[in-house]
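# Structural characterization, general
One-letter residues, chain by chain:
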Amino acid sequence: MKILIVASFFPYPPHFGGAFDVLERIKGIKSLGHDIDLICTCKQYPEQKNIDFIKQFINEIIIVPRNNKLSDLFLKLPLQVISRKALKKVSLKNNYDYAVLESESVGIILKNKSFKANKTIVRVHNNESNYFFQLAKSSKNYAEKLYYYLEGIKYKTYSKTIFEKADRLWFISNKEINNNKTLLINKSIYLPASVNDVFVKQKLSNKNVLFIGALFMPNNLEAIIWYLQNVHSSLISEKEYKLIIVGSTGDKEPKIFEEIFKKYSNVEVWLNENDLSENYSKSTVFINPMLHGAGVKLKSINAIQNGLILISSKIGAEGTGLIKNDMYFEANTPEDFSKSILKAFQMNNIEKQKMVENAQDFLMKNNYLSILKRELQDEKK
């Protein structure tokens, strides 16, 4: 079958959770034998090497520019939607069996007269309204706070409009379906995060703690700074302890983040890395100390897939279905984090591997691909 993916970003390199989910699902759809076209909205044109990587899975790639002006803030639609208004005019030559809209932010393509799909699906990555309200709480900049708050208000109405127009809603979090009473339940399903790669077994023999996140997002930056200020200092006296911070900087200068982190000892920083496997392999514990957020935090799932012991706040683990103390340690206070990290260090190797295996087994049993296969059945047969 012929499938169109409409993404609000270019999905490679997968520097943040949403990009990882889109990229891995593209791989999954391709593995099922379907033909895929991809439309991406971008502020900057992707590098040719990244386009070449995606082309191994995609027949046609259409890059649509994103742009907006200050006055767009005062319009009724979210700025995230308005900045992608060029989707209304892009020329589409093909008819598609399925079109998958990667979040409501690309919903404006439904107004494109050349858009033809037998079924339209929305991948619901977050409760977008709540997500922007949470970003408002995380940001220290008052102008940003106002922007995020306005987006949250606008998405309340806009998300419902797009959901009503869609034939199917693929929720990354089962919790989001249960919590949202306004949804049309008969067309909503739980499609877990897209995980294709082999589950990795690590040595877990050192005292390295890893954090990976999109540092240009205020809730991720807030999380790691909170950890540095409230937890890190209490662990520095622990022999061989080290914190490794890996993050993408988006369109912000890397130097901004280097300046933030350089004042802390026992910290190693890697920015805008394409391959994260080495960072996982030299770590034992992964922390996700997020204070604000919505939906599934894919960094937590990726950490487990890559064989690390996860220590996460309640928010950082929400929507995953993981069982605390059996599959990960939950920590919500500085004391919780310190105690859990030290406990992970003190566990013998059998205990460490058992916790990781429990979590990996859970993710394998709840793999997205079998659900995706059913969803993309050819109804003509």
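In short, a report on the structure. Not measured: the values here are computed from a predicted model.

Right, let's talk about the sheet that holds strand β2 (residues 35-42) for a bit. Spatially, the 7 strands line up as an open sheet ordered β3-β2-β1-β4-β5-β6-β7, and their pairing is parallel. In the strand order of this sheet, the two ends are held by β3 (60-65) and β7 (188-190), each with one partner. Taken pair by pair, the neighbouring strands of this sheet meet at an average axis angle of 20 degrees, ignoring direction. In this sheet, strand β5 (residues 117-124) lies alongside strand β4 (residues 96-102) in parallel orientation, the contact comprising 6 bridges. Across the sheet, Tyr96 pairs through a bridge with Ala117, a residue of β5.

Here we come to empty space enclosed by the protein. Under the definition given, this model contains 1 cavity of 30 Å³ or more. Its boundaries defined by the atoms lining it, the largest cavity holds a volume of some 160 Å³.

Another aspect to go through is helix α10 (residues 298-305). Of all 8 residues in α10, 8 are buried; the element is thus mostly enclosed. Looking at α10, one finds that the buried residues are Leu298, Lys299, Ser300, Ile301, Asn302, Ala303, Ile304 and Gln305. Of the residues one or two after α10, Gly307 is the one with positive phi, at around 85 degrees.

Assignment of secondary structure puts Arg66 in the loop between β3 and α3 (79-82). Discounting chain neighbours no more than four positions away, the residues touching Arg66 are Ser8, Thr41, Cys42, Lys43, Gln80, Ser83 and Arg84.

Next up on the list: the packing of aromatic side chains. As enumerated under the stated definition, the model contains 13 aromatic pairs in all. Ring geometry for Phe133 versus Tyr149: centroids 5.5 Å apart, planes at 45 degrees, classification tilted. With Phe133 in helix α4 (residues 128-138) and Tyr149 in helix α5 (residues 142-165), the pair connects residues that are 16 residues apart, well separated along the chain. Judged by its relative accessible area of 21%, Phe133 is partly exposed.

This part takes up the nonpolar core. Counting residues in each nonpolar core, the largest one holds 55 residues, and the members touching the most others are Val209, Ile224, Tyr227, Leu243, Ile287 and Ile341. The biggest single contributor to this core is helix α7 (residues 218-235), with 7 residues. Excluding residues that lie within four positions of it along the chain, Tyr227 makes contacts with Val209, His232, Leu235, Tyr241, Leu243, Ile287, Pro289, Phe337 and Ile341.

A word on the packing of α4 against α5. Any two packed helices are characterised by the angle at which their axes cross and by the distance between the axes. It is at 7 Å that the axes of α4 and α5 come closest, and there the two elements cross at 170 degrees. Judged by the angle between their axes, α4 and α5 are roughly antiparallel. For the pair α4 and α5, contact is made by Glu128, Ser129, Phe132, Phe133, Leu135, Ala136 and Lys137 and by Lys145, Tyr147, Tyr148, Tyr149, Glu151, Gly152, Ile153, Tyr155, Lys156 and Ser159, respectively. Taken together, the residues that form the contact of α4 with α5 break down as 9 nonpolar, 3 polar and 5 charged.

Judged by side-chain polarity, Leu146, Tyr149, Leu150 and Ile153 come together as a nonpolar surface patch covering roughly 360 Å² of accessible area. Mapped onto the secondary structure, Leu146 falls in helix α5.

A pair can form between side chains of opposite charge whenever their charged atoms are brought close. In this structure the tally under the stated criterion is 14 salt bridges. Between Asp21 and Arg25 there is a salt bridge whose closest N-O contact spans 2.7 Å. You can see Asp21 and its partner Arg25 sitting in helix α1 (residues 17-31), 4 residues apart, about one turn around the helix. Here Glu238 makes a salt bridge to Lys207, at a shortest N to O gap of 2.7 Å. Within this pair, whereas Glu238 is found in the loop between α7 and β9 (242-248), its partner Lys207 is found in the loop between β7 and β8 (208-214), the two being separated by 31 residues in sequence.

A few words on a positive patch on the surface. Together, Lys85, Lys88, Lys89, Lys111 and Lys165 make up a region of like positive charge exposed at the surface. Topologically, Lys88 is positioned in the loop between α3 and β4. Given the relative accessible area of 36%, Lys88 is considered partly exposed.

To continue, consider the packing of α10 against helix α13 (residues 349-365). Here α10 crosses α13 at 115 degrees, and the two axes come no closer than 9 Å. Taken together, α10 and α13 sit at an angle that is classed as roughly perpendicular. For the crossing formed where α10 meets α13, the hand is left-handed. Contact residues: α10 offers Ile301, Ile304 and Gln305, while α13 offers Val356, Ala359, Gln360 and Leu363. The residue inventory of the contact of α10 with α13, partitioned by class, reads 5 nonpolar, 2 polar and no charged.

Procedures and definitions
- Every chain's residues receive numbers from 1 upward, in the order its sequence appears when written.
- Local features are withheld for residues below a pLDDT of 70 in this predicted model, meaning they are given only at 70 or higher, and side-chain atom pairs are given and counted only at 80 or more; totals for whole chains, interfaces and linings count all residues.
- Note that water and hydrogens are dropped before the side-chain values are worked out from all heavy atoms of the structure.
- Two strands qualify as a pair provided DSSP detects at least 2 bridges between them.
- Elements are defined by DSSP. Helices are runs of H or I of four residues or more, strands are runs of E of two residues or more, and each kind is numbered from the N terminus.
- Lines fitted to C-alpha atoms define the axes here, with helix axes fitted over just the stretch in contact, and angles between the N-to-C directions of these axes take values from 0 to 180 degrees.
- For cavity detection a 1 Å grid was placed over the protein atoms alone, and a set of points counts as a cavity when a 1.4 Å probe fits there but cannot get out; an open set counts as a pocket when protein lies on both sides within 12 Å along at least five of seven lines, with lining residues being those that have an atom within 4 Å of a point.
- Grid points are joined across faces, edges and corners, and a volume is the space filled by probe spheres set on the points.
- Categorising residues by exposure relies on relative accessible area from a 1.4 Å probe, with only protein chains included: less than 20% of the type maximum marks a residue as buried, more than 50% marks it as exposed, and the intermediate range marks it as partly exposed.
- Contact between two residues is taken to exist if any of their heavy atoms lie within 4.5 Å; hydrogens are not considered.
- Stacked, tilted and edge-to-face are the three classes assigned to paired rings of Phe, Tyr and Trp, where Trp is represented by its six-membered ring and a pair needs centres within 6.5 Å; plane angles under 30 degrees give stacked, over 60 edge-to-face, the rest tilted.
- Residues belong to one nonpolar core when they are buried, are Ala, Val, Leu, Ile, Met, Phe, Trp, Tyr or Cys, and are joined through side-chain atoms within 4.5 Å.
- Should an angle lie under 35 degrees it is considered roughly parallel, over 145 roughly antiparallel, and from 65 to 115 roughly perpendicular; all remaining angles are considered oblique.
- Under the scheme applied here, ten amino acids are nonpolar (Ala, Val, Leu, Ile, Met, Phe, Trp, Tyr, Cys and Pro), four are charged (Asp, Glu, Lys and Arg), and all others, including Gly, are polar.
- Candidate patch residues must exceed 30% relative accessible area and have no salt bridge, after which like charges are joined if within 9 Å and Val, Leu, Ile, Met, Phe, Trp or Tyr side chains if within 5 Å.
- Note that accessible areas follow from Shrake-Rupley with a 1.4 Å probe, and for residues the cover is restricted to the protein chains shown.
- Within this document, salt bridges are pairs made up of a side-chain nitrogen of Lys or Arg and a carboxyl oxygen of Asp or Glu, the two lying within 4 Å of each other.
- Two residue types count as positive, namely Lys and Arg, and two as negative, namely Asp and Glu; His and chain ends fall outside the count.
- Where a charge lies is defined by one atom per residue type, namely NZ (Lys), CZ (Arg), CG (Asp) and CD (Glu).
- Should the near helix be turned anticlockwise from the far one by less than a right angle, the crossing is left-handed, and should it be turned clockwise, the crossing is right-handed.

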